[in-house]
Amino acid sequence: MNQLLAPVIAIDGPSASGKGTVAQLVADLLGYHYLDSGALYRIVALAALRKNISWQDETALAELSRHLCIEFKDGEILLNAQIVTEDVRTEEISRGASEVAIHPQVRLALVDLQRNFRALPGLVADGRDMASVIFPDAATKIFLTASAEVRAERRYKQLMAKGIHANLSDILQDLQARDARDQQRLVAPLQQSAGAILLDTSQLTIAQAVDTILSQHEAK
Ligand code: DC
């Protein structure tokens with residue numbers, strides 16, 4: 001079997017839907033590789049901030065995206081050999097990632113990087129356009145979502161657990177703004193693609209979401 005035929009499970013959905021946790025668990029249980037594509041957009045936003053490049057400057061951002069040295073190692077994210085795992089998770093960078101992601105040239109610059117994660121025995125890829133653009137031939141396509149209120153509350157609890165002060169209604173507003181930007185952009189907008197199974201986790205535990213995805217994949 002060549003690498004191109006390695007099966008892909010594409011998990012798309014809005015911010016804070018629990019995609020990351022669920023996708024990583026599915027990958028671990030199957031022994032598959034894992035691609036956190038949102039991290040790439042977060043890294044572009046962070047690298048731009050550090051180099052004083054505006055999140056609106058599409059040409060400079062695309063150039064930057066083509067030359068990033070990104071590694072995922074032992075659960076850490078590295079940019080130019082420096083650990084940035086926590087730095088890319090701030091609310092500021094969450095907003096920046098959503099802003100840089102609207103630029104078609106930036107998205108194009110990241111396509112090959114994402115496809116290179118596909119390797120045997122398989123890949124779980126999480127993002128917004130995994131099923132529609134990056135891996136349209138994915139074996140299993142899931143659109144994982146939850147209500148904005150449930151997602152805001154999950155995010156709020158995560159921040160509190162880390163000792164970070166947060167305001168629930170600010171988080172909800174931020175999430176809704178990001179949802180709108182991700183859904184309304186012209187290129188690769190966030191949407192449930194044809195053939196994707198809708199999985200609303202508002203009333204599900206993480207284990208139930210993982211089980212549902214595993215049984216969908218086994219059924220293929
Ligand atoms: O999944 P995440 O919250 O880490 O993603 C951060 C931002 O990156 C999100 O607001 C939109 C963008 N993104 C994207 O446009 N396409 C992807 N495949 C993944 C993320």
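All values derive from a computational prediction rather than experimental measurement. (Residues numbered from 1 in each chain as written. Predicted model: local features only at pLDDT ≥ 70, side-chain atom pairs only at ≥ 80, totals over all residues. Heavy atoms only, no water.)

Draft legend 1. Inspection of the overall build of the protein chain at higher detail. The helix and strand tally for the protein chain stands at ten helices and eight strands. By the compact-globule yardstick of 17 Å for 220 residues, the protein chain fits well, its C-alpha radius of gyration being 17 Å. Projected onto the principal axes, the alpha-carbon positions of the protein chain cover approximately 50 × 40 × 35 Å. Taken over 220 residues, the protein chain has a buried fraction of 48%. Pairs at least 24 residues apart make up 76% of the contacts formed inside the protein chain by residues separated by at least 6 positions. When the accessible surface of the protein chain is summed, it comes to about 10,800 Å², and 53% of that surface belongs to carbon and sulfur atoms. Charge separation in the protein chain, taken as the distance between the mean sites of 22 positive and 27 negative side-chain charges, equals 2 Å. (Helix = DSSP H or I, 4+ residues; strand = E, 2+ residues; numbered from the N terminus. Rg over C-alpha atoms; globule rule 2.2 N^0.38 Å. Buried < 20%, exposed > 50% of the residue type's maximum accessible area, 1.4 Å probe, protein only. Contact = heavy atoms within 4.5 Å. Areas by Shrake-Rupley, 256 points an atom, 1.4 Å probe, with all protein chains shown as cover. Lys, Arg positive; Asp, Glu negative; His and termini not counted. Charge placed at Lys NZ, Arg CZ, Asp CG, Glu CD.)

Draft legend 2. Just the pattern of salt bridges, in detail. Inspection of the entire model under this criterion finds 14 salt bridges. Lys-73 is paired through a salt bridge with Glu-71; the nearest N and O atoms lie 3.7 Å apart. (Salt bridge = Lys/Arg side-chain N within 4 Å of Asp/Glu carboxyl O.)

Draft legend 3. Structural detail: the site of the ligand. Taken together, 17 residues are adjacent to the ligand, and Arg-42, Arg-107, Arg-128, Asp-129 and Arg-185 come closest. Arg-42 has a polar side-chain atom sitting 2.7 Å from an oxygen atom of the ligand. In the complex, the protein chains occlude 97% of the 450 Å² of accessible area that the ligand would expose alone. If you map the ligand onto the pockets, it falls in the largest pocket. (Near = heavy atom within 4 Å. Polar contact = N/O pair within 3.5 Å; in protein donor to acceptor, adjacent residues only side chain to side chain. 1 Å grid on protein atoms, 1.4 Å probe; cavity = no way out; pocket = protein on both sides within 12 Å on 5 of 7 lines; lining within 4 Å. Sits in = over half its atoms within 2 Å of the grid points.)

Draft legend 4. Region of the structure containing helix α2 (residues 37-50). Relative to the 20 Å expected for 14 residues at 1.5 Å per residue, α2 spans 20 Å between its end C-alpha atoms, a close match to the ideal helical length. Of all 14 residues in α2, twelve are buried; the element is thus mostly enclosed. Of the residues making up α2, those classed as buried are Ser-37, Gly-38, Ala-39, Leu-40, Tyr-41, Arg-42, Ile-43, Val-44, Ala-45, Leu-46, Ala-47 and Ala-48. (Expected span 1.5 Å × (residues − 1).)

Draft legend 5. Structural context of the packing of aromatic side chains. All chains considered together, the criterion is met by one aromatic pair. Measuring from centroid to centroid gives 5.8 Å for Phe-72 and Phe-117, while their planes differ by 70°, and the two rings are edge-to-face. A residue pair is termed long-range when its members are at least 10 positions apart, and Phe-72 in strand β3 (residues 70-73) and Phe-117 in the loop between α6 (111-115) and β6 (123-127) qualify at 45 residues. Note on Phe-72: relative accessible area 33%, which makes it partly exposed. (Phe/Tyr/Trp six-rings, centres within 6.5 Å; stacked < 30°, edge-to-face > 60°.)

Draft legend 6. Region of interest: the pairing of strand β1 (residues 8-12). Here β1 lies mainly inside the structure; five of its five residues are buried. Neither face of β1 is exposed, since Val-8, Ala-10 and Asp-12 on one face and Ile-9 and Ile-11 on the opposite face are all buried. Strand direction decides the pairing type here: β1 and β6, joined by five bridges, are parallel. Pairing of Val-8 across the sheet is with Leu-123, part of β6. As judged from the four bridges shared by β1 and strand β7 (residues 140-145), these two strands associate in the parallel manner. (Pairing = 2+ DSSP bridges.)

Draft legend 7. The side chain of Ser-98, seen in detail. Note on placement: Ser-98 falls in helix α4 (residues 91-100). Contact partners of Ser-98, with chain neighbours within four places excluded, come to Arg-178, Arg-181 and Asp-182.

Draft legend 8. Fine view of the layout of surface pockets. Volume-wise, the largest pocket comes out at about 1,300 Å³. In terms of lining residues, the largest pocket is bounded by 49 residues, among which Gly-20, Tyr-34, Asp-36, Arg-89 and Asp-126 are the most central. Of the residues that constitute the lining of the largest pocket, the class distribution is 15 nonpolar, 16 polar and 18 charged. (Points joined across faces, edges and corners; volume = space filled by probe spheres on them. Nonpolar A, V, L, I, M, F, W, Y, C, P; charged D, E, K, R; others polar.)

Draft legend 9. Region of interest: helix α1 (residues 19-30). A rise of 1.5 Å per residue sets the reference length of α1, with its twelve residues, at 16 Å; its end C-alpha atoms lie 16 Å apart and thus fit the reference within 8%. Those residues of α1 that sit buried are Lys-19, Val-22, Ala-23, Val-26 and Ala-27. Viewed end-on, α1 has its buried residues packed into an arc of 135°, placing them on one side of the element. When the buried face of α1 is taken as reference, the exposed residues oriented beyond 90 degrees from it are Asp-28 and Leu-29. Those residues of α1 that are buried lie in contact with β1, β2 (33-36), β6, β7 and α10 (206-218). Positive backbone phi, at 70°, marks Gly-31, one or two positions downstream of α1. (Arc of directions from axis to C-beta.)

Geometric descriptors of this kind do not, in isolation, establish any biological role.
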